[in-house]
Amino acid sequence: MKENIKFKKNISGAEALIHCLLEEGVDLIYGYPGGAIMPVYDELYKFSDKLIHILTRHEQGATHAAQGYARTSGKVGVAIATSGPGATNLVTGIADAQIDSTPMVCITGQVASHLLGSDAFQETDIIGISTPVTKWNYQITKASEIPEIFAKAFYISKSGRPGPVLIDITKDAQFEKFDFSYSKCKGIRSYFPEPLIEIDQIGLAAEVINNAKKPFIVYGQGVILGEAENDLIKFIEKTGIPSAWTILGLSAMPTDHILNVGMVGMHGNYGPNMLTNECDVLIAIGMRFDDRVTGDLSTYAKQAKIIHLEIDPAEINKNVKADYPILGNCRDSLKLLYDKVKNNSHNKWLEKFSELMKIEYEAVIKNDTIPEKEGLTMGEVIISINKYTKGDAVIVTDVGQHQMVACRYAEFIRSKSNITSGGLGTMGFALPAAIGAKMGAPDREVIAIIGDGGYQMTIQELGTIFQTRTAVKIVVLNNDYLGMVRQWQQLFFDKRYASTEMTNPDFVTIAKGYNINSNRVNQRKDLDKAVKLMVDSDEPQFLEVCVEKEDNVFPMIPSGASVSDIRLK
């Protein structure tokens, strides 16, 4: 007779926790053990045939790995740590997941309930600390609370606009026995994850779209989270509207689509940024108008009617006033809009984007990708990677110049392929996130593109790769600088390079110490061969590419300037 794990008599809170995870379909978690979470780890040992635990080398690495796993698999990522410093080390990854809408459940151990508030060894108020950066959090002090709280946690994390949830469990609650039963959460009173779509707004917006002469779409990660990629493509192809991505929206549709006109934002493409202030209708789909996209809000798209498709009511009118707000999952609202819009084309308007792209090509792209200079550029490394992955790899980027270059030049043919830290801009994100991304999509090529600065923030996660033999490909673009900060110092601080030049170790030797095949490229003639060797391998690979030390990323919108003030040099 098959054992029914939905009801178990007289089991510990720690065992109940494991059953909750299994009931929610969790088969992989990331974490680091310690005293206050040891009862749970003891149960993990017993259930190791059903629930794989990946030992990261730092708790922050666990959260970023859980993020990468969630972003490629579409599931909820899970990270676990002990109390005190273990819990606080999770906070950066939690904050990153919150602003980038990544579903994640974090579990922390806590001192026994009778010691709460006594400044006991490794006691920290993780509930108070994490409240501003979680979608929901809760402290469990009784074992009987575990089933209901975990069911709520997974429901809240995944539903509506996704985000991180933290559950803190006292040590006595982990030992306490109770009769366990479990049922998944299907709704919570006063919590409405997907607002009802106002049909009247759909009709009004469709009329505006049908009458537009210069419509423009900017799409974000909401399209990917809402699984609306096909609906977006159908809508764009029916209306003929030029469309641009935010960095988190990148890969929602193929980068070579004829109506995909590039990236918006501080280091986005010239055309989409300039023409934002010329369009007559701006349709924002699953994006939140953050400052890196809008620049100076007082000058942003003032001539345009704004249509905003958004699942989170808090984002409507927060930064940019919407003339036609359409609340709801964009998968549903795009379907409704599709039925009401007319077949159309905007060839003359689209030509404007092409004309500005030609200007950008001559001023920027040609120098980035077919350089005449002696030193290697970051752009040509991305082009070489495109050549051997055919746009079908998952690209995981850290934060800095290499991130912007990758988002500008990487080619993608399918969704969930661009994994990066968008809103928080967390250096050190890429290496552990790539581990999680590969585990979430084991059949896909996963390449981490990292700067020499961010790489050293979580370089210890090479140990996780060594232990698990996860076939991540690591590319470090080494310019011996904190490149993005140096660029700002050059442009806005008269080249006062304060604390941005780096004396780096021998990265190849370090990788070899972790039994990872390693290579270094200094000259252009060796680049393609090294990239092909890396891509063709079934093993973890490390490739250091020594690039120009003082290359800058252009175009660039200076901080606080209008999108129309975008600079090509």
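(A) Spatial organisation of the nonpolar core. Of all hydrophobic cores here, the largest spans 97 residues; its most connected members are F216, L282, I285 and I307. In terms of residue count, the dominant contributor to this core is helix α15 (residues 347-369) (6 residues). If near-sequence neighbours (up to four positions away) are discounted, I285 is found in contact with I217, V218, Y219, G220, V223, L232, L309, C330 and L334. Core analysis: the second largest hydrophobic core is formed by 47 residues, A79, A97, I126 and F429 among them.

(B) Structural detail: the packing of helix α16 (residues 378-389) against helix α17 (residues 401-409). Relative orientation of the contacting elements α16 and α17 amounts to 45°, with a least axis distance of 9 Å. Accordingly, the angle class assigned to the pair α16 and α17 is oblique. Between α16 and α17 the crossing geometry is right-handed. Residue-level inspection shows M378, G379, I382, I383 and N386 of α16 in contact with α17, the latter providing Q401, H402, V405, A406 and Y409. In the contact of α16 with α17, the residues fall into 6 nonpolar, 4 polar and no charged.

(C) Looking closely at the sheet that holds strand β20 (residues 541-546). Across the sheet, which stays open at both edges, the 6 strands sit in the order β16-β15-β17-β18-β20-β19 with parallel pairing between neighbours. Each having just a single partner strand, β16 (418-420) and β19 (517-521) make up the two edges of the open sheet. The sheet shows a mean angle of 20° between the axes of neighbouring strands, direction not considered. By the bridge criterion, 6 bridges tie strand β18 (residues 473-478) to β20 in an arrangement that is parallel. What sits directly across from N478, in β20, is C546. Lying on the sheet, α17 is in contact with β15 (394-397), β16, β17 (446-451) and β18; it crosses β17 at an angle near 140°. Sheet contacts for helix α23 (residues 527-536): β17, β18, β19 and β20; angle to β20, the most-contacted strand, approximately 160°.

(D) Quick look at the pattern of salt bridges. For the structure shown, the criterion picks out 25 salt bridges. When the shortest N-O distance is used, the salt bridge between R331 and D332 registers 3.8 Å. By relative accessible area, which is 24% here, R331 ends up partly exposed.

(E) Structural context of the pairing of strand β9 (residues 215-219). Most of β9 is tucked away: 5 of the 5 residues are buried. Going residue by residue along β9, you find P215, I217 and Y219 tucked away on one face and F216 and V218 tucked away on the opposite face as well. Strand direction decides the pairing type here: β9 and strand β10 (residues 243-245), joined by 3 bridges, are parallel. Residue V218 lies in a different strand from β10, and its bridge partner there is A244.

(F) Representation of the sheet that holds strand β5 (residues 104-110) within the structure. Taken in spatial order, the 6 strands line up as β3-β2-β4-β5-β7-β6 in an open sheet, and their pairing is parallel. Among the strands making up the open sheet, the edge pair consists of β3 (52-55) and β6 (136-140). Mean inter-strand twist for the sheet, computed between neighbouring axes without regard to direction, equals 20°. Where strand β2 (residues 28-31) and strand β4 (residues 77-81) come together, 2 bridges link them in parallel fashion. The residue bridging Y30 from the neighbouring strand is A79, located in β4. Running over the sheet, helix α3 (residues 59-73) touches β2, β4 and β5 and is turned about 170° from β4.

(G) Expanded view of the layout of surface pockets. The calculated volume of the second largest pocket comes to roughly 570 Å³. Looking at the second largest pocket, it is lined by 27 residues, and the ones nearest its centre are W245, T255, N260, G262 and M357. Among the elements of the structure, β11 (260-263), α12 (270-276), α15, α16 and α17 are those that each provide at least two residues to the lining of the second largest pocket. A per-class count over the lining of the second largest pocket returns 14 nonpolar, 9 polar and 4 charged. Each of domain 2 (199-353) and domain 3 (374-546) accounts for three or more of the residues forming the lining of the second largest pocket.

(H) View of the domain arrangement of the protein. Taken domain by domain, the protein consists of domain 1 (7-181), domain 2 (199-353) and domain 3 (374-546). A straight line from the C-alpha centre of domain 1 to that of domain 3 covers 30 Å. Considering only the surface of domain 1 that becomes buried against domain 3, R57, R71 and T72 emerge as the three largest contributors, covering 35% of it. Applying the counting rule to domain 1 against domain 3 returns 0 salt bridges. Summed over the shared surface of domain 1 and domain 3, the number is 11 residue pairs in polar contact (both at pLDDT 80 or more).

(I) Just the state of the cysteines, in detail. This structure, assessed with the given rule, holds 0 disulfides. Note on C20: no disulfide assigned, nearest cysteine sulfur contributed by C185 at a separation of 12 Å. In this structure C106 is a free cysteine whose sulfur lies 16 Å from that of C20, the closest cysteine sulfur available. For C106, a relative accessible area of 0% puts it in the buried group.

(J) View of empty space enclosed by the protein. A full pass over the atoms with the stated rule returns 2 cavities of 30 Å³ or more. The volume enclosed by the largest cavity comes to roughly 60 Å³. Along the walls of the largest cavity sit D368, T377, M378, G379, V405, D551, N552, V553 and F554, which together make up its complete lining. Its residues assigned to classes, the lining of the largest cavity comprises 4 nonpolar, 3 polar and 2 charged. What the second largest cavity holds in volume is close to 30 Å³. Looking at the second largest cavity, the residues that line it are I209, N210, T239, I241, K342, N344 and H346. Tallied by class, the residues present in the lining of the second largest cavity amount to 2 nonpolar, 4 polar and 1 charged.

(K) Expanded view of the pairing of β18. The buried count for β18 comes to 6 of 6 residues, which makes it a mostly enclosed element. Direction of pairing for β17 relative to β18: parallel, over a ladder of 5 bridges. If you follow I450 over to β18, its bridge partner there is V476.

Conventions used here
Residues numbered from 1 in each chain as written. Predicted model: local features only at pLDDT ≥ 70, side-chain atom pairs only at ≥ 80, totals over all residues. Heavy atoms only, no water. Core = buried A, V, L, I, M, F, W, Y, C linked by side-chain atoms within 4.5 Å. Buried < 20%, exposed > 50% of the residue type's maximum accessible area, 1.4 Å probe, protein only. Helix = DSSP H or I, 4+ residues; strand = E, 2+ residues; numbered from the N terminus. Contact = heavy atoms within 4.5 Å. Axes fitted to C-alpha atoms, helices over the stretch in contact; angles between N-to-C directions. Parallel < 35°, antiparallel > 145°, perpendicular 65-115°, else oblique. Left-handed = near helix turned anticlockwise from the far one by under 90°. Nonpolar A, V, L, I, M, F, W, Y, C, P; charged D, E, K, R; others polar. Pairing = 2+ DSSP bridges. Salt bridge = Lys/Arg side-chain N within 4 Å of Asp/Glu carboxyl O. 1 Å grid on protein atoms, 1.4 Å probe; cavity = no way out; pocket = protein on both sides within 12 Å on 5 of 7 lines; lining within 4 Å. Points joined across faces, edges and corners; volume = space filled by probe spheres on them. Domains from an automatic or database assignment. Buried area = accessible area lost by both parts, 1.4 Å probe. Polar contact = N/O pair within 3.5 Å; in protein donor to acceptor, adjacent residues only side chain to side chain. Disulfide = S-S within 2.5 Å.

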